[in-house]
Amino acid sequence: MRRAFQTSLLIAFFALLSACATLPPPPKTISVTEARLAQMIASQFPFNSEMLEVLDVVVSTPRISLDPTNNRINTSLDINVAVNNLLWLFTDKQYKGALDMSYGLRFEPRDATVRLTDVRVHRLDIDGAPSAMRRPIERLAAPLAQKLLKDYVLYKVRPEDLQAAQGWGYKPGTFRVEPTGLSLTLDPVERR
């Protein structure tokens, strides 16, 4: 009887061990600090664009702040607008301004990238520009910024971050804008 009990206990132990071997790994988190995030965004600037073949626009000096409550990133940028048309030959041809915007983040599984989504321009000011010039700039610039930055790649998840052991891998789960940076949860997924 004692031998049968020990055998049953041993079989139960091995069954438990084999069940543990097929359990998924725990979720893991990739963290990007606010300083690293600011560095990644700053590396994309200055950004130059031409509007209607009349204005040269240079966007530079991004400054970010994190909005954990709304799960968004706020970014303020400096703008330089220069007139490149003979019509404005006798006016001050350079104007400075500021752009404030915010955006959320999404994951693109095709190329394992983190991209901007829901870009919103909150403020656009061009200091000293004549009102005849300021109105068209402000009317065109906000939709142009939203269009140019939609799906903009911010971060690429490394292939090794998506790997796990024993037939398991990871897929991106939730993004969170935290007070100190960005966190991306990777959830385990069984590979077939």
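For the structure, see preceding data.
Residues numbered from 1 in each chain as written. Predicted model: local features only at pLDDT ≥ 70, side-chain atom pairs only at ≥ 80, totals over all residues. Heavy atoms only, no water.

Asker: For this particular structure, what's the right way to read the overall build of the protein?
Answerer: A tally of regular secondary structure across the protein gives 3 helices and 9 strands. Along the protein, from the amino end to the carboxyl end, the secondary structure elements read α-β-α-β-β-β-β-β-α-β-β-β. Burial status across the protein gives 35% buried among its 192 residues. By sequence separation, contacts in the protein at least 24 residues apart represent 55% of the contacts at least 6 residues apart. When the accessible surface of the protein is summed, it comes to about 12100 Å², and 58% of that surface belongs to carbon and sulfur atoms. (Helix = DSSP H or I, 4+ residues; strand = E, 2+ residues; numbered from the N terminus. Buried < 20%, exposed > 50% of the residue type's maximum accessible area, 1.4 Å probe, protein only. Contact = heavy atoms within 4.5 Å. Areas by Shrake-Rupley, 256 points an atom, 1.4 Å probe, with all protein chains shown as cover.)

Asker: Sorry, what's going on with the environment of D127 here?
Answerer: Here D127 lies in strand β6 (residues 113–127). In this structure D127 comes out as exposed when scored by relative accessible area, which is 55%. Along the chain, D127 and A98 lie 29 residues apart, while their C-alpha atoms are 8.5 Å from each other. Discounting residues that sit within four places of it in the chain, D127 has contacts with Y95, K96 and G97.

Asker: I tried to follow the pairing of β6 on my own but got confused; where do I start?
Answerer: For a regular strand, the rule is simple: side chains alternate between the two faces of the sheet. Summarising the sheet, strand β5 (residues 94–108) and β6 pair through 12 bridges and their orientation is antiparallel. Its bridge partner lying in β6, F107 is registered against V114. Joining the antiparallel neighbours β5 and β6 is a turn of 4 residues, in which A112 adopts a positive phi near 55°. (Pairing = 2+ DSSP bridges.)

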